[in-house]
Amino acid sequence: MKIGVYPGSFDPITNGHLDVITRASHIVDELIVGVLQNPQKKPLFSVEERIEMLKVTTSHLPNVKIEAFSGLLIDFVKQHNAILIVRGLRAITDFEYELQMAQTNYNLDPTIETVFLATNVQYSFLSSSVVKELAQFGGHIENFVPPIVAECVWEKFKQF
Ligand code: ADP
């Protein structure tokens, strides 16, 4: 069984992430979306909230599982007997960091490969940060995130 891990912050999940998850779910038997708990970042949504949004928006994909992780990605990948790390590439600006991460992870364990899915061009500008910045100033986010996620974002900004 071919297991892949798609790691990220998903703060919150966007249509770009969902596109990568959907496409990656077609090339592995099981895809584990790893939601990073990073003490250095101050996310808008808690890890539990991010997991819940991911679960709801991927519930139609039976071979996709959502899990939190902290620490080294390669350890999380090995714990799940995965052989692939999936990452999305939006533009050249992603490339340098992604290459460095892929090469580091290859060095740590050469049996695990990183594969990159080129972004669907309609989402090439899209990131969780863009969604949060737009929402902060009341901008329209409904084309960029699933409807349930848009509701959660608006709910969150009401609290501030
Ligand atoms: P990180 O905090 O690691 O950047 P993100 O949640 O922003 O995590 O992204 C996780 C992965 O999804 C990264 O590989 C990123 O390049 C990819 N990604 C993010 N947005 C898009 C998008 N619009 N299209 C394709 N891939 C994307």
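Note that the structure is a prediction, hence the values are computed from the model and not measured.

Enquirer: Please give an account of the overall build of the protein chain that cites residues and values.
Expert: Each helix and strand in the protein chain was counted, giving six helices and five strands. Listing each helix as α and each strand as β along the protein chain from the N terminus yields β-α-β-α-β-α-β-α-β-α-α. Here the C-alpha atoms of the protein chain give a radius of gyration of 15 Å, agreeing with the 15 Å that 2.2 N^0.38 yields for 160 residues. For the protein chain, the spread of C-alpha atoms along the principal axes amounts to about 45 × 30 × 30 Å. Taken across its 160 residues, the protein chain has 46% of its residues classed as buried. Long-range contacts, defined as pairs at least 24 residues apart, comprise 74% of the intrachain contacts of the protein chain with a sequence gap of at least 6. Per element, the accessible surface of the protein chain, about 8900 Å² overall, is 56% carbon and sulfur.

Enquirer: Any details on the site of the ligand? Residues and values, ideally.
Expert: Residues in close proximity to the ligand total 17 residues, the closest being Y6, S9, G88, T119 and Y123. The separation between an oxygen atom of the ligand and a polar main-chain atom of G88 is 2.6 Å. Isolated, the ligand exposes 550 Å² of accessible area, and the fraction of that covered by the protein chains is 89%. Only β1 (3-8), α1 (15-25), β4 (84-89) and α4 (92-108) provide two or more residues apiece to the shell around the ligand. Of the residues contributing to the shell around the ligand, the split by class is six nonpolar, six polar and five charged.

Enquirer: Explain the nonpolar core to me, and be specific about the residues and the numbers.
Expert: Most often, soluble globular proteins have nonpolar side chains that are buried together. Formed by 34 residues in total, the largest nonpolar core has its most connected members in I21, L31, V33 and L54. The set of elements that each furnish at least two residues to this core consists of α1, β2 (30-36), α2 (47-57), β3 (64-69), β4, α5 (128-136) and α6 (147-158). I3, I32, L73 and I74 belong to the second largest nonpolar core, which has eleven residues in total.

Enquirer: Outline the sheet that holds β3, supporting the account with residue identities and numerical values.
Expert: One open sheet holds the five strands; their spatial order is β3-β2-β1-β4-β5, and the pairing between them is parallel. Strands with a single pairing partner mark the edges of an open sheet, and in this sheet they are β3 and β5 (113-118). On average, adjacent strands in this sheet sit at an angle of 30° to one another, irrespective of strand direction. Here β2 runs beside β3; their pairing, made up of six bridges, is parallel. Each bridged residue has a counterpart across the sheet, and for I32 the counterpart in β3 is K65.

Enquirer: Lay out the side chain of S127 with the relevant residues and their values.
Expert: As for its placement among the helices and strands, S127 is situated in the loop between β5 and α5. Apart from the residues lying within four places of it in its own chain, the contact partners of S127 are T14 and R90.

Enquirer: Give me the lowdown on the packing of α2 against α6, citing residues and values where you can.
Expert: For the pair α2 and α6, interaxial distance at closest approach is 10 Å and the crossing angle is 155°. Taken as axis vectors, α2 and α6 run roughly antiparallel relative to one another. Two secondary-structure elements touch here, α2 through E49, M53, V56 and T57 and α6 through I148, V149, C152 and K156. For the contact of α2 with α6, the class distribution of residues is five nonpolar, one polar and two charged.

Enquirer: Kindly report on the packing of α5 against α6, identifying the contributing residues and their values.
Expert: At their nearest, the axes of α5 and α6 sit 10 Å apart, and the two run at 50° to each other. Between α5 and α6, the crossing angle belongs to the class labelled oblique. As α5 packs across α6, the resulting crossing turns out to be right-handed. Taking contact as the criterion, the partners of K132, A135 and Q136 in α5 are, on α6, V153, W154 and F157. Of the residues that constitute the contact of α5 with α6, the class distribution is four nonpolar, one polar and one charged.

About the cut-offs
- Residues numbered from 1 in each chain as written.
- Predicted model: local features only at pLDDT ≥ 70, side-chain atom pairs only at ≥ 80, totals over all residues.
- Heavy atoms only, no water.
- Helix = DSSP H or I, 4+ residues; strand = E, 2+ residues; numbered from the N terminus.
- Rg over C-alpha atoms; globule rule 2.2 N^0.38 Å.
- Buried < 20%, exposed > 50% of the residue type's maximum accessible area, 1.4 Å probe, protein only.
- Contact = heavy atoms within 4.5 Å.
- Areas by Shrake-Rupley, 256 points an atom, 1.4 Å probe, with all protein chains shown as cover.
- Near = heavy atom within 4 Å.
- Polar contact = N/O pair within 3.5 Å; in protein donor to acceptor, adjacent residues only side chain to side chain.
- Nonpolar A, V, L, I, M, F, W, Y, C, P; charged D, E, K, R; others polar.
- Core = buried A, V, L, I, M, F, W, Y, C linked by side-chain atoms within 4.5 Å.
- Pairing = 2+ DSSP bridges.
- Axes fitted to C-alpha atoms, helices over the stretch in contact; angles between N-to-C directions.
- Parallel < 35°, antiparallel > 145°, perpendicular 65-115°, else oblique.
- Left-handed = near helix turned anticlockwise from the far one by under 90°.

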